[in-house]
Structures are given as C-alpha cells and as structure tokens.
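Residue-level structure breakdown
These are the residues of each chain, in order.
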Amino acid sequence: MENSSRKASSLRCDLEIWCADAQSEIGIKRISRKANQGFSLIPFCLLDNCHPQLKPTEACVCYTLPNHTATKLFLYQRVDNCANLDDFKICNTYDIDNTGLVCSWPSEEVLAYYCLSQLDLFRSKRVIELGSGYGLAGLVIAAVTEASEVVISDGNPQVVDYIQRNINANSSVFGGTKVTSMMLHWNQEEASDISNSFDIIVASDCTFFKEFHKGLVQTIKCLLKKEGPSEAIFFGPKRGKSLDEFLAEVKESGLQFTMDEVYDTEVWRRHERFINNDASWPNYEKDHCYPLLVRITL
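Computed from a prediction, not measured in an experiment: that's the story for all the values here. (Residues numbered from 1 in each chain as written. Predicted model: local features only at pLDDT ≥ 70, side-chain atom pairs only at ≥ 80, totals over all residues. Heavy atoms only, no water.)

Enumeration over the complete set of coordinates arrives at 14 salt bridges. For Asp120, the salt bridge is made with Arg123, and the minimal N-O distance between the two is 2.3 Å. Classification of Arg123 by relative accessible area gives partly exposed; the value is 30%. A salt bridge links Lys214 to Glu249, with the shortest nitrogen-to-oxygen separation between them at 2.9 Å. Residue Lys214 is located in helix α10 (residues 213-223), and its partner Glu249 is located in helix α11 (residues 242-252); the two are separated by 35 residues in the primary sequence. The structure contains a network of salt bridges with shared partners spanning Asp120, Arg123 and Glu146. (Salt bridge = Lys/Arg side-chain N within 4 Å of Asp/Glu carboxyl O. Buried < 20%, exposed > 50% of the residue type's maximum accessible area, 1.4 Å probe, protein only. Helix = DSSP H or I, 4+ residues; strand = E, 2+ residues; numbered from the N terminus.)

For strand β8 (residues 231-236), the buried fraction is high: six of the six residues fall into the buried class. Of the two faces of β8, the one carrying Glu231, Ile233 and Phe235 and the one carrying Ala232, Phe234 and Gly236 are both buried. Pairing between strand β7 (residues 200-204) and β8: five bridges, direction parallel. Note that in β8 the partner of Val202 across the bridge is Ile233. (Pairing = 2+ DSSP bridges.)

Peptide bonds are mostly trans, and most non-glycine residues show a negative phi. Here Ser124, not a glycine, exhibits a phi torsion of approximately 65°, which is positive. The residue Ser124 is located in the loop between α7 (119-122) and β4 (126-130) in this model. By relative accessible area, which is 55% here, Ser124 ends up exposed. Phi at Asn196 is positive, roughly 55°, even though this residue is not glycine. Tracing the backbone through its elements, the reader meets Asn196 in the loop between β6 (178-183) and β7. Among the residues examined, Asn196 registers a relative accessible area of 29% and is labelled partly exposed.

Spelled out as structure tokens, the structure:
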C-alpha cells in the first residue's frame, strides 16, 4: 500500500499542465520537462493543438534529427492537467510506475542523441528498448540506423498504446526496419517468447525504482543473444544509491558492465554549462540530472 501511495503521489506531482497557450513558449515548456529541463540536443517543436488526430488532453511533438537530412519524428503524448483515477488502478493492477506516461525524460533524449552518433552499432541488428515511455530512442534507431528490427516496449499498457500510435505515425521513415510495440513487464514471464533474441538492448532512466532491479537484470540476461556479441546500453543518473545498487545486482547475476561519465563531448559540454548555473536548467544537480552510460554484457 505504501508503494502504491508513493507512486500515486509522484504522479500527482509530475503530471504536466496542458493549456490554451500550447503554441506559446509557456505552452511548450509545460508539455514536457524536456522543454525547460533537458539537454536540448534534438530540435523539436510543438505542433498546433488543433491537429485533427489530437484529443484535448494530448499533444504532438515534432523532432528534427540533426545531421540526418532533417528526418522528422512525430511523437504523440498525453498531457492531462490532473491525475486520472484509471492511472492509479493500472499502476496497482500491473505493479508498474507511471513515469513513462508523464513526459519524455532527459535521459531518453541523451540516449536518442547517442544512438544518432553510433549508427554502425545498430546496423542489421535486432534491438529492443525497455521502459521506453513514448519511444523516442527506439524510433530514432528505427529511422536512421538500418537496424533489422526494433521492438519498443513498456510495462504500462497505456504507454504501449502511445508507442504503437507513434510507430504508425512514423512508419514512412523506417525503410526496411521492422518496428513493433510490446508490453513487457520485467518481473513477469512475457520475455520467455523472445529470449536469446536481441543483439542490443537500450534503456534510459530505468533504474530509479529499486524494487524492479532484480527483474530488470533477469530480463537483460533473458533477452540478449548468447551467441555472438550482444550488449545492453543504459543511460541514467546515479540518483543517490539507486544506480549503484542496480549495478551491484548486475554484478551478482554474473553479467559484466562498464560505466562512463564522459561519453559524448557535446553532452559533457552542456552538463558543465548547467553545473555552472546556466539559468535554462534551474537547480541542475549532477547526481539527479546527468545520465551516466552503462554498457552491460553477458
């Protein structure tokens, strides 16, 4: 009960406000923490809230991928101005958190940006994104890396509905890459049907909830191909002891890992700017805001 209350309280605090001035600078900042508290690595704009496919509680963000012939991705997301009772019911029913439905988080943007600089890593590979939220990183991989297959997954059925909607909205840029959505809970057995299937796992900001560490590690072990090179690429802040405790679980399971702090010159440059009190990210704190790169292998 305490865990469910904490998740419900967090949801109330984190849900973003959608208002009539959605096209104004204020509206853009309100749609997602990424707009006013993020690394701003991938240019984006908020589309007209009169878009015919949008509900009153939704918005569509257009991302323009840098250095890739101006490829655009369209992500639909929910932006309620109040908590929905159904959210709490689903969290309790599926034993999940609701963070993927709130907004796109800064670590997701950093993961997507990193993937843009690592095209050869994904070419002709089978890739799965875990805990993807609205799926920015998975969609980037599908759009520009020539991966053979990309599965974009989350444990929240509401989020998975948005993932599929975003896949449909961007299908014209996937080329020959097969792209699917999947509901995948780390503490359950759904992964058994796709075990030993993926060359690469990607994830961002998935280590905050400590109660999911063991299930997440077992999912990594289950999904990675046992033959040939395979790895999981994770981005996330330390957040106190949360990341360290996850990595202790990784080590105890027999998996190997490396952790890098300086993995991209542009991300690091912006991090240093925020550390030096850049006003565009008030209260920036390395421990809670700067994503570290963790690479996990069998």
